[in-house]
Amino acid sequence: MKIFFLGDIVGRSGCLSVKKNLHKIIKKNDINFVIVNGENAADNGLGITEKITNELFDSGVQVITTGNHVWDQKETAKLIENEKRLLRPNNLSSGYPGNGFEIFKVGDFKIGVLNLMGNIFMKKCEDVFQESINFLSKYKLKKDFDFLVVDFHGEITSEKMAIGHLFDGKASLVVGTHTHVPTNDTRILSKGTAYQTDAGMCGDYNSVIGMDKNNSLNRFMKKNSVKHFPSEGEA
């Protein structure tokens, strides 16, 4: 079983790159299952639309995870009610539509995908550690699913690493998203779980985390600027 994970897809540039290249990557590497984080995939870099969701599925994606921008496109709340392949963080406060965990069948195998969001410097959500403990008390690797992939959408490295160790031996992969910057700490933890603090992004790297660099500089320097918008160079 080969599982392929892509970090945050940012704007039109990131979407075009995935649509252009994913089928070739799948074929070349005999990939069986593709998970992407799509919470920045909309043209303005905030949220995801139904059209983009369907385009990503048509490109070979099986599951789309999200994070703090999941509701930035109003249509997502309705879409996510019926689209089980589109996840939102499992530890969002109760009352939100959709699910943060699903099990998907691939041939004779079951793959669990769990979407979590950090508590530090992020939008308010339930305690991610307590939510993880509750999850692990209910579901077991090799019993309820053959593989478990955890997308931890968080800001700080220590919180992500702690979650990685909490799931060590209980998940196949724990990988971070949100910062759009890939970390050079890909490894196998002591009990066998694959881990990386952040997968980075699918977007224009001649940018500030996928956003237009000149506008971002102006915002930091308090010059004339507008809201952040994605850079549209080649991803």
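Our structure is the block above this text.
The structure contained in this document is the topic of the report that follows. (Residues numbered from 1 in each chain as written. Predicted model: local features only at pLDDT ≥ 70, side-chain atom pairs only at ≥ 80, totals over all residues. Heavy atoms only, no water.)

## Focus on the overall build of the chain
Item 1. If you tally the helices and strands in the chain, you get 6 helices and 11 strands.
Item 2. With respect to the principal axes defined by its C-alpha atoms, the chain has extents near 55 × 40 × 35 Å.
Item 3. Taken across its 235 residues, the chain has 51% of its residues classed as buried.
Item 4. In the chain, once contacts between residues fewer than 6 apart in sequence are set aside, the share between residues at least 24 apart is 60%.
Item 5. Taking the 30 positively charged and 28 negatively charged side chains of the chain as two groups, their mean positions are separated by 1 Å. (Helix = DSSP H or I, 4+ residues; strand = E, 2+ residues; numbered from the N terminus. Buried < 20%, exposed > 50% of the residue type's maximum accessible area, 1.4 Å probe, protein only. Contact = heavy atoms within 4.5 Å. Lys, Arg positive; Asp, Glu negative; His and termini not counted. Charge placed at Lys NZ, Arg CZ, Asp CG, Glu CD.)

## Describing helix α1 (residues 11-29)
Item 1. For α1, which comprises 19 residues, the first-to-last C-alpha distance of 26 Å matches the rise-based estimate of 27 Å (1.5 Å per residue) to within 8%.
Item 2. Along α1, the helix axis deviates most sharply at N21, where the bend reaches about 45°.
Item 3. Buried positions along α1 lie against β1 (3-6), β2 (8-9), β3 (33-37), α2 (50-58) and β11 (201-202). (Expected span 1.5 Å × (residues − 1). Bend = angle between axes of the 7 residues up to and from the residue.)

## Details of the side chain of D198
Item 1. Within the secondary structure layout, D198 lies in the loop between β10 (194-196) and β11.
Item 2. Within the structure, the side chain of D198 is placed 3.0 Å from the side chain of T179, a separation counted as a polar contact.
Item 3. In terms of polar contacts, D198 uses its side chain to reach the backbone amide nitrogen of G200, at 2.8 Å.
Item 4. D198 has contacts with K160, G176, T177, H178, T179, H180, V181, P182 and T183, leaving out every residue within four places of it along the chain. (Polar contact = N/O pair within 3.5 Å; in protein donor to acceptor, adjacent residues only side chain to side chain.)

## Describing the sheet that holds strand β5 (residues 101-106)
Item 1. In spatial order, the strands read β5-β6-β7-β8-β10-β9; together these 6 strands make up an open sheet with mixed pairing. What marks the edges here is a single partner per strand, and that holds for β5 and β9 (187-188).
Item 2. In this fold helix α4 (residues 128-138) packs onto β5, β6 (109-117) and β7 (147-153), with an angle of close to 160° to the strand it touches most, β6. (Pairing = 2+ DSSP bridges. Axes fitted to C-alpha atoms, helices over the stretch in contact; angles between N-to-C directions.)

## Thoughts on the environment of G38
Item 1. One can find G38 in the loop between β3 and α2.
Item 2. As a C-alpha pair, G38 and M201 span 163 residues in sequence and 9.9 Å in three-dimensional space.
Item 3. Sequence-distant contacts of G38, that is, excluding residues within four places in its chain, are made with G47, I48, I64 and T65.

## So, the sheet that holds β3
Item 1. Strands sit in the order β1-β3-β4 across an open sheet of 3 strands; the sheet is parallel. Since the sheet does not close on itself, it has two edges, and those belong to β1 and β4 (63-65), each with one partner. Here the strands of the sheet are splayed against their neighbours by 20° on average, with no regard to which way each runs.
Item 2. Summarising the sheet, β1 and β3 pair through 4 bridges and their orientation is parallel. Bridge pairing in β3 links F4 to V34.

## What to know about the environment of D72
Item 1. Considering the arrangement of structural elements, one finds D72 in the loop between β4 and α3 (76-82).
Item 2. Here the alpha-carbon distance between D72 and N40, two residues 32 residues apart in the chain, equals 9.3 Å.
Item 3. Setting aside chain neighbours within four positions, we find D72 in contact with L46, G47 and K123.
Item 4. A distance of 2.6 Å separates the side chain of D72 from the side chain of H69, its partner in a polar contact.

## Observations regarding unusual backbone geometry
Item 1. Not every positive phi belongs to a glycine, and D30 is a case in point at roughly 55°.
Item 2. The topology assignment puts D30 in the loop between α1 and β3.
Item 3. For D30, a relative accessible area of 54% puts it in the exposed group.
Item 4. Of note, H178 is a non-glycine position whose phi angle comes to about 110°, a positive value.
Item 5. As for its position among the elements, H178 is in the loop between β8 (173-177) and β9.

## Thoughts on the packing of aromatic side chains
Item 1. For the coordinates displayed, the defined rule picks out 9 aromatic pairs.
Item 2. Between F101 and Y139 the ring centres are 4.7 Å apart and the planes differ by 50°, which places this aromatic pair in the tilted class. Of this pair, F101 sits in strand β5 while Y139 sits in the loop between α4 and β7; the two residues are 38 residues apart in sequence, bridging distant segments of the chain.
Item 3. Centroid distance F109 to F147: 5.8 Å. Interplanar angle 55°. Geometry classified as tilted. Note that F109 is positioned in strand β6 and F147 in strand β7, a separation of 38 residues in sequence.
Item 4. With a relative accessible area of 35%, F109 lands in the partly exposed category.
Item 5. Taking relative accessible area as the criterion, F147 reaches 19% and is therefore assigned buried.
Item 6. The rings of F101, F135, Y139, F145 and F167 are connected pair by pair, giving a single aromatic cluster.
Item 7. Of note, R85 hangs over the ring of F57, and the distance from its end group to the ring centre comes to 3.8 Å.
Item 8. Between the NZ or CZ atom of K142 and the centre of the ring of F147, over which it lies, the distance is 5.0 Å. (Phe/Tyr/Trp six-rings, centres within 6.5 Å; stacked < 30°, edge-to-face > 60°. Lys NZ or Arg CZ within 6 Å of the ring centre and 35° of its normal.)

Worth remembering: the numbers are spatial, not functional.
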